Amino acid sequence: MKSLKEILEFRRATRRYSDQPIDTERVRECIKLAQLSPTSSNMQLYEVYHVTDKALLGQLAVACFGQGAASTAQQMVVFVTRQDLHRARAKAMLAYERENVKLNSPQDRQEHRLKRWELYYGRVMPLLNSRCLGIWGVIRKSFAQCIGLFRPMIRQVSEADVRVSVHQSCGMVAQTFIIAMAEAGYDTCPIGGFDSLRVRRLLNLPSGAEIGMIVSCGIRDPRGIWGDRVRIPFEQMYKHR
């Protein structure tokens, strides 16, 4: 069994893949493992599009400007944010927490905890994720700043702030997938350069969806690893307080 250190040392952003196919079901299992990633408030505002169709892969490669990491990929996995599903996801989490409280909380604490979850997923999450041309964000931001004068308060509540948070959560899911693929002996490359409009059309995404990350997959061609790994010296980025 590989250690985490071995997995991370094996993982490299692969810019060119060999013609060797990879197992679709194994990639699917890596996507399942990625679901174990944490997301903000456990809202899980993302979807994952696993692309194996050769014609669609070719079209996606064009939308990724023909770069080798896309044009030689055996498969691609597209991580998509779905903030527009916030009401449905909040409703699902509330239903889960209701049952969780009933099953795992002492009887004398159940009412209090149920009220807390009803408030959080029934009101706070829908309010925090609501969008209306930035107007709701301005209102939330003003409210947070006023409360922050008297006590610690979450201040990242504008529509842009919440959008960033949703993309952060989606990014953690994508990273977990990349690590799972490395553990499986497969190579990947996170692709940030793409024509988002064309990718949206190719995947037939709804208007409320946004592309978080495209990850190409395959078995590395030796030419796909561009030299030794380079990182900023640890002492320059590590700050101990």
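Given the structure is predicted, the values throughout are model-derived calculations rather than measurements.

Definitions and cut-offs
- One numbering rule holds for all chains: residues counted from 1, following each sequence as written.
- Side-chain atom pairs in this predicted model are given and counted only at pLDDT of 80 or more, local residue features only at pLDDT of at least 70, and totals for whole chains, interfaces and linings cover all residues.
- Derived side-chain values reflect all non-hydrogen atoms in the structure, with water molecules and hydrogen atoms excluded from consideration.
- Helix numbering and strand numbering both begin at the N terminus, where a helix is a DSSP run of H or I of at least 4 residues and a strand a DSSP run of E of at least 2.
- Burial here depends on accessible area, computed with a 1.4 Å probe over protein chains only, as a share of the maximum for the residue type. Under 20% is buried, over 50% is exposed, and the range in between is partly exposed.
- Every residue pair with non-hydrogen atoms within 4.5 Å of one another is taken to be in contact.
- When charges are counted, Lys and Arg are positive and Asp and Glu negative, with His and the chain ends excluded.
- Lysine's charge is taken at NZ, arginine's at CZ, aspartate's at CG and glutamate's at CD.
- Each patch is assembled from residues with relative accessible area greater than 30% and no salt bridge, linking like charges that lie within 9 Å and nonpolar side chains (Val, Leu, Ile, Met, Phe, Trp, Tyr) that lie within 5 Å.
- Method for areas: the Shrake-Rupley scheme with a 1.4 Å probe, in which residue coverage is limited to the protein chains shown.
- Just to be clear on terms, a salt bridge is a Lys or Arg side-chain nitrogen sitting within 4 Å of an Asp or Glu carboxyl oxygen.
- Lines fitted to C-alpha atoms define the axes, with helix axes restricted to the stretch in contact, and inter-axis angles between N-to-C directions lie between 0 and 180 degrees.
- When an angle is under 35 degrees it counts as roughly parallel; over 145 it counts as roughly antiparallel; between 65 and 115 it counts as roughly perpendicular; any other value is oblique.
- Each residue is assigned to one class: nonpolar for Ala, Val, Leu, Ile, Met, Phe, Trp, Tyr, Cys and Pro, charged for Asp, Glu, Lys and Arg, and polar for all the others, Gly among them.
- Here a polar contact is taken to be a pair of N or O atoms separated by no more than 3.5 Å, where protein atoms must pair a possible hydrogen donor with a possible acceptor and residues adjacent in sequence count only if both atoms sit in side chains.
- Two strands form a pair only when DSSP identifies at least two bridges running between them.
- For this analysis, a nonpolar core means a set of buried residues of the types Ala, Val, Leu, Ile, Met, Phe, Trp, Tyr and Cys, connected via side-chain atoms within 4.5 Å.

What follows covers the overall build of the protein chain. If you tally the helices and strands in the protein chain, you get ten helices and four strands. Mapped in sequence order, the helices and strands of the protein chain form the string α-α-β-α-α-β-α-α-α-α-β-α-β-α. Taken along the three principal axes of its C-alpha coordinates, the protein chain extends 60 × 40 × 40 Å. Here the protein chain holds 241 residues, and the buried ones make up 39% of them. Considering only intrachain contacts with a sequence separation of at least 6, the fraction spanning at least 24 residues in the protein chain is 78%. Each charge sign in the protein chain was given a centre, from 36 positive and 23 negative side chains, and these centres are 6 Å apart.

Next up on the list: a nonpolar patch on the surface. A surface patch of nonpolar side chains, about 540 Å² in accessible area, is lined by Leu127, Leu133, Ile135, Trp136 and Ile139. The greatest single-element share of the nonpolar patch, amounting to three residues, is contributed by helix α7 (residues 135-147). Assignment of secondary structure puts Leu133 in the loop between α6 (107-129) and α7. Residue Leu133 is classed as exposed on the basis of its relative accessible area, which comes to 85%.

The next thing to look at is the packing of helix α5 (residues 86-104) against α6. With their axes 9 Å apart at the nearest point, α5 and α6 run at an angle of 170° to one another. Classified by the angle their axes make, α5 and α6 are roughly antiparallel. Contact with α5, carried on its side by His86, Arg87, Ala90, Met93, Leu94, Glu97, Arg98, Val101 and Lys102, involves Gln110, Arg113, Leu114, Trp117, Glu118, Tyr121, Gly122, Met125, Pro126 and Asn129 of α6 and no other residues of that element. Grouping the constituent residues of the contact of α5 with α6 by class yields nine nonpolar, four polar and six charged.

All right, on to the side chain of Thr39 then. Locating Thr39 in the fold gives a position in the loop between α2 (24-34) and β1 (46-51). For Thr39, the side chain forms a polar contact with the main-chain nitrogen of Gln44, separated by 3.2 Å. Sequence-distant contacts of Thr39, that is, excluding residues within four places in its chain, are made with Gln44, Tyr46, Ser169 and Val173.

Attention now goes to the sheet that holds strand β4 (residues 210-218). Read across the sheet, four strands follow the order β1-β2-β4-β3 without closing on themselves; strand pairing throughout is antiparallel. Because the sheet does not close on itself, it has two edges, and the strands there are β1 and β3 (187-191). Taking the axes of each pair of neighbouring strands and ignoring which way they run, one obtains an average angle of 20° across the sheet. Sheet topology note: the β1/strand β2 (residues 75-81) ladder contains six bridges and is antiparallel. From the neighbouring strand, Tyr49 faces β2, where its bridge partner is Val78.

In this structure, Met76, Val199 and Ile214 are the most contacted members of the largest nonpolar core, which totals 24 residues. Sorting the residues of this core by element identifies α3 (54-63), α4 (68-71), β2, β3, α9 (196-203) and β4 as the ones contributing at least two each. Met76 has contacts with Tyr49, His50, Val51, Leu57, Leu60, Ala61, Ala70, Ile214, Val215 and Ser216, leaving out every residue within four places of it along the chain. Judged by nonpolar contacts, the second largest core, of 20 residues, contains Val77, Val173, Ala180 and Ala184.

Applying the stated rule across the entire model yields 13 salt bridges. Between Lys115 and Glu111 there is a salt bridge, and its shortest N-O distance comes to 3.5 Å. On the criterion of helical spacing, the pair formed by Lys115 and Glu111 is a turn pair, its members being four residues apart in helix α6. The pair formed by Lys115 and Glu111 is uniform in burial state, with each residue classed as exposed.

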